[in-house]
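# Coordinates in review
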Amino acid sequence: MTFPGDFLWGAATAAFQIEGGAQARDASIWDTFCRTPGKVHAGDTGDVAADHLRLWREDVRLMAELGLKAYRFSISWPRVLSGGLGFYDRLVDELLAHGIEPCPTLYHWDLPQELEDRGGWPERETAHAFARYAAQVSDALADRVSWWTTLNEPWCSAFLGYASGVHAPGRTSPADSLRAAHHLNLAHGLAVGALPSSARVGIALNPSAVRALTDSPADLDARRRIDALANRVFTGPLLHGSYPEDLLTDTAALSDWSFVRPGDEALIHQPLGFLGVNYYTPALVSAATAATDPAAPRSDGHGSTSHSPWPGADSVVFHQPPGERTDMGWSIDSSGLHDLLMRFTREAPGLPLLVTENGAAFAPDLHDPPRIAYLEAHLSAIHRALRDGAPVGGYFLWSLLDNFEWSYGYSKRFGIVHVDYGTQVRTPRSSARWYAHLARTGLLRSGG
Ligand code: IFM
């Protein structure tokens with residue numbers, strides 16, 4: 001399978017997950033969360049992480065050796081607040097010097113703690129603070145950066161952060177999670193306005209390929225509800241300029257949505273340079289029946305918890321699809337990625353698509369055929385989508401390096417490059433060599 005010559009072959013990381021250097025910046029909600037007993041595996045923190053703040057030149061050299069054409073990284077808002085924008089300035093120059101396209105994301109979950117102390121994403125002012133921060137970063141970098149992502153996976157920020165509480169800041173208010181979702185959307189819209197109109201500005205969603213267990217009306221309705229909460233709460237205003245009616249109805253007992261002010265939806269509905277799709281696994285849902293055990297652990301892949309990340313969808317049950325799984329317990333099914341790319345191609349004709357994240361956690365081994373098989377299957381699905389007319393312009397593998405996997409701490413390894421956290425030595429896995437060949441040639445060959 002041959003990919004187009006101008007396909008953007010990249011890898012992705014995020015500031016909190018790799019940078020370390022926590023003492024040199026303001027605190028984020030993840031610093032606080034890591035220090036809250038029981039929230040993060042083994043009490044792990046982002047204090048050192050993969051020490052990228054020290055080893056960034058080496059990491060850029062590694063990317064160049066792997067033949068990467070683009071690097072998706074995130075900018076730490078707390079670091080910018082404490083005067084650390086110079087780090088990203090130097091990183092951008094170094095990437096360009098190595099012929100690698102810098103693709104920064106403005107927000108990958110590390111809200112400054114001081115903003116959470118003032119109410120966090122449920123407060124409208126946080127969106128305005130984000131716009132000011134976006135303008136500041138734009139002033140420093142926009143002369144050399146043409147691809148920008150405003151937010152990474154706002155679903156996780158809103159619903160894992162404020163409803164289920166498995167992510168920072170660990171709050172469990174369904175009503176607040178809906179306010180957070182809206183203010184994240186608003187932050188995106190305001191940030192687009194703060195970036196140059198000549199830039200390609202997008203957002204990276206983690207849309208869910210939701211499937212119903214059966215074709216029964218109840219199961220199809222369960223799918224509709226989750227589709228609204230996982231996908232259309234974002235794509236509604238982003239792509240069509242309004243929140244879906246069924247979402248407002250489903251959540252009416254929790255919120256009257258009066259936090260959406262006149263003009264907000266139009267503001268969110270900005271022209272997009274691209275839509276970023278982060279994809280790992282599909283979701284399988286059904287309606288709860290009399291036999292459903294309400295105490296059974298949730299299997300929606302977002303951490304077992306007594307608080308649901310799905311406001312107003314208590315009647316929905318998540319099922320573990322059959323078949324192979326990654327080390328996260330996520331089922332491996334690349335058809336979900338093809339489905340999503342085709343869905344957005346139909347829904348927003350002509351809108352360029354980027355796969356802004358895709359990859360898998362497996363055992364720490366340097367020889368990692370399961371990861372190669374996962375990547376090969378998902379890249380084949382992308383190739384099929386391209387053939388079917390989806391305008392997919394690039395692929396960012398998650399992740400370049402092993403890193404801090406949020407509430408799982410350092411216990412899960414997503415890197416194509418192994419990191420020894422004791423010595424910070426980087427060692428490319430077999431998957432890195434496999435991916436390097438693909439990035440150099442655009443030719444997808446069999447793994448192993
Ligand atoms: O590590 C995360 C990343 O920060 C956001 N998307 C999913 C990845 C794997 O869980």
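For the structure, check the block above.
Residues numbered from 1 in each chain as written. Predicted model: local features only at pLDDT ≥ 70, side-chain atom pairs only at ≥ 80, totals over all residues. Heavy atoms only, no water.

## Let's talk about the pairing of strand S4 (residues 147-152)
Successive side chains on a regular strand alternate, one facing one side of the sheet and the next facing the other. The buried fraction of S4 is high, at six of six residues. Alignment of strand S3 (residues 101-107) against S4, held across two bridges, turns out to be parallel. Pairing of Thr105 across the sheet is with Thr149, part of S4. Where S4 meets strand S5 (residues 200-205), four bridges bridge the pair, whose relative direction is parallel. In the strand pairing of S5, Thr149 is matched with Gly202. (Buried < 20%, exposed > 50% of the residue type's maximum accessible area, 1.4 Å probe, protein only. Helix = DSSP H or I, 4+ residues; strand = E, 2+ residues; numbered from the N terminus. Pairing = 2+ DSSP bridges.)

## Some details on the sheet that holds strand S6 (residues 210-212)
Read from one edge of the open sheet, three strands run S6-S8-S9, paired in mixed fashion. Since the sheet does not close on itself, it has two edges, and those belong to S6 and strand S9 (316-319), each with one partner. Here the average twist between neighbouring strands, direction ignored, is 40 degrees. Sheet topology places strand S8 (residues 283-287) next to S9; four bridges connect them, and they run antiparallel. Bridging from a neighbouring strand, Leu284 pairs with His319 of S9. (Axes fitted to C-alpha atoms, helices over the stretch in contact; angles between N-to-C directions.)

## Details of unusual backbone geometry
If a residue is not glycine, its phi is most likely negative; likewise, a peptide bond is most likely trans. Note the cis peptide between Ala168 and Pro169, where omega equals 5 degrees. Structurally, Pro169 can be placed in the loop between helix H8 (154-162) and helix H9 (174-194). Cis geometry is found at the peptide bond from Trp398 to Ser399, where omega equals 15 degrees. Tracing the backbone through its elements, the reader meets Ser399 in the loop between strand S11 (392-398) and strand S12 (417-420). Positive phi, normally seen in glycine, also occurs at Trp257, with a value near 60 degrees.

## What to know about the site of the ligand
Every residue close to the ligand is listed here: Gln17, His108, Trp109, Asn152, Glu153, Tyr280, Trp330, Glu357, Trp398, Glu405, Trp406 and Phe414. One nitrogen or oxygen atom from the side chain of Trp398 is found 3.3 Å from an oxygen atom belonging to the ligand. At 2.8 Å, a side-chain N or O of Trp406 approaches an oxygen atom of the ligand. Notes on the ligand: free accessible area 280 Å², of which the protein chains cover 96%. Of the residues assigned to the shell around the ligand, the class counts are six nonpolar, three polar and three charged. (Near = heavy atom within 4 Å. Polar contact = N/O pair within 3.5 Å; in protein donor to acceptor, adjacent residues only side chain to side chain. Areas by Shrake-Rupley, 256 points an atom, 1.4 Å probe, with all protein chains shown as cover. Nonpolar A, V, L, I, M, F, W, Y, C, P; charged D, E, K, R; others polar.)

## Re the pattern of salt bridges
Opposite charge on two side chains makes pairing possible when the charged atoms of those side chains draw close. Scanning the model with the defined rule gives 29 salt bridges in all. Between Arg225 and Asp250 there is a salt bridge, with the nearest N and O atoms lying 3.9 Å from each other. Of the two residues, Arg225 sits in helix H10 (residues 217-240) while Asp250 sits in helix H11 (residues 245-250), which places them 25 residues apart along the sequence. A salt bridge links Asp227 to Arg343; the nearest nitrogen and oxygen atoms lie 2.8 Å apart. Taken together, the residues span a long stretch of sequence, with Asp227 in helix H10 and Arg343 in helix H13 (residues 335-347) at a distance of 116 residues. Judged on exposure class, the residue Asp227 and its partner Arg343 are both buried. Overlapping salt bridges, with partners in common, bring together Asp221, Arg224, Arg225, Asp227, Arg232, Asp246, Asp250, Arg343 and Glu347 in one network. (Salt bridge = Lys/Arg side-chain N within 4 Å of Asp/Glu carboxyl O.)

## A few points about the sheet that holds strand S1 (residues 8-12)
The strand order S1-S2-S3-S4-S5-S7-S10-S11 describes a closed barrel built from eight strands, whose pairing is parallel. Strand-to-strand twist in this sheet, taken as the mean axis angle between neighbours without regard to direction, amounts to 25 degrees. Where S5 meets strand S7 (residues 274-278), four bridges bridge the pair, whose relative direction is parallel. Each residue of the ladder has a partner; that of Leu205, found in S7, is Val277. Along the sheet, helix H15 (residues 430-441) contacts S1 and S11; its crossing angle with S1, the most-contacted strand, is approximately 150 degrees. (Contact = heavy atoms within 4.5 Å.)

## Quick word on the environment of Arg35
Counting through the fold element by element, Arg35 comes out in the loop between helix H2 (29-34) and helix H3 (52-65). Separated by 207 residues in sequence, Arg35 and Ser242 have C-alpha atoms that sit 39 Å apart. Beyond its immediate stretch of four places on either side in the chain, Arg35 contacts Thr45 and Asp47.

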